[in-house]
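Architecture and fold: a report
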Amino acid sequence: MPVTLAGQLVVAISSRALFDFEEENKLFESSDDRAYMRLQLDRLDVPAQPGVAFSLVNKLLAFNTAAAAPRVEVVILSRNDPVSGMRVFRSAQHFGLPVQRGVFTRGASPWRYLKPLHAHLFLSANADDVRSALQAGVPAARVLPHSVRASAAHPHEVRIAFDGDAVLFSDEAEQVFQAGGLDAFQAHERERAGSPLPAGPFKPLLHALQSLQKASTEHMHIRTALVTARSAPAHERAIRTLMEWDIEIDEAMFLGGLAKGEFLREFEPDFFFDDQTPHVDGAAWHVPAGHVSSGVVNA
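First, a word on scope: everything that follows refers to the structure included in this document.

**Observations regarding the sheet that holds strand β2 (residues 72-78)**
The mixed open sheet is built from 10 strands, whose spatial order is β3-β2-β1-β4-β5-β10-β9-β6-β7-β8. The open sheet has two edge strands, β3 (101-104) and β8 (251-254), and neither has a second partner. In this sheet, adjacent strand axes meet at a mean angle of 25° when their direction is disregarded. Across two bridges, strand β5 (residues 140-143) lies against strand β10 (residues 289-291) in antiparallel orientation. For Arg 142, the partnering residue across the bridge sits in β10 and is His 291. Set on the sheet, helix α4 (residues 54-61) makes contact with β1 (9-13), β2, β4 (121-124), β6 (157-162) and β9 (271-274); between it and β6 the angle comes to about 130°. Packing of helix α7 (residues 127-135) onto the sheet brings it into contact with β4, β5 and β10, and relative to β5 it is tilted by some 170°.

**A few points about α4**
Within α4, seven of the eight residues are buried, which leaves the element mostly enclosed by the surrounding structure. By the burial criterion, the buried members of α4 are Phe 54, Ser 55, Leu 56, Val 57, Lys 59, Leu 60 and Leu 61.

**Considerations on the environment of Phe 162**
Within the secondary structure layout, Phe 162 lies in strand β6. Each C-alpha atom, one on Phe 162 and one on Phe 273, is 5.0 Å from the other, the two residues being 111 residues apart in sequence. Once residues within four sequence positions are removed from consideration, Phe 162 is found in contact with Val 167, Leu 168, Phe 202, Leu 205, Leu 206, Leu 209, Thr 224, Ala 225, Leu 226, Val 227, Phe 272 and Phe 273.

**Here's the deal with the packing of aromatic side chains**
Taken as a whole and judged by the stated rule, the model has 11 aromatic pairs. Ring centres 5.2 Å apart and planes at 70° place the aromatic pair Phe 54 and Phe 95 in the edge-to-face group. Taken together, the positions of Phe 54 in helix α4 and Phe 95 in the loop between α5 (82-94) and β3 put the pair 41 residues apart, joining distant regions of the chain. The positively charged end of Arg 159 is found above the aromatic ring belonging to Phe 267, 5.1 Å away from the centroid.

Thresholds, definitions, all that
Residues numbered from 1 in each chain as written. Predicted model: local features only at pLDDT ≥ 70, side-chain atom pairs only at ≥ 80, totals over all residues. Heavy atoms only, no water. Pairing = 2+ DSSP bridges. Helix = DSSP H or I, 4+ residues; strand = E, 2+ residues; numbered from the N terminus. Axes fitted to C-alpha atoms, helices over the stretch in contact; angles between N-to-C directions. Contact = heavy atoms within 4.5 Å. Buried < 20%, exposed > 50% of the residue type's maximum accessible area, 1.4 Å probe, protein only. Phe/Tyr/Trp six-rings, centres within 6.5 Å; stacked < 30°, edge-to-face > 60°. Lys NZ or Arg CZ within 6 Å of the ring centre and 35° of its normal.

Quick look at the structure:
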């Protein structure tokens, strides 16, 4: 029988999202790729330091520790060349990350390989690759390499925070807000409180995490949070939508426009996803953050 990743949470991640390759990337962007390849080869035995999404990946892979069969698969999906890919794998080995699969495209966009991988999430520092992945129906976010690294306060808990509209949910309500302002938005949501919101690009990931959450062990479990600019009465539709999907969220923050960063700092997620650049930039001062380029605000 051929090998299959069926039944596993599949995370595809670029080398810059997993490791700190910002110094090397400056050479990649300012010179030809051969100089970059030489530098990576010269540093082959020097492990790269953890990047923005390292904590998320490390903890998710811990679900495999006591499992009879693997529950999480992490695949490197990178614009790096195969030579530079050797350093990525060696760095993963150095940190004890059981990563064994990778696709290296030497400058070409790798997003087209997400479909055969059946990826539930794609994390990359390349905005074009992320946008292409989202258009193909794969949950994806552009990591901010300068983001604060995740807290070490919860070693046995994967903590993930999501924005609501245009991330977990569609941008239907956001379109109303952009066109008519807050009063129109509140009225729209009050009238439709009992009608579930259409799914957003990250519903498949949340659903996959729910399945993984049910497989929690003493080694690792998952805690999720909804962190949204919504406030009462618009909160009700969001909650009822999750109930309709039969998905449980551990924490919900209805902030009514308050800055999200300090609340996220207290939640201490391994990663936060939001569709609005100002929210992501603000969050990045406190937690690992990624931009989901979907919805009307990113049109």
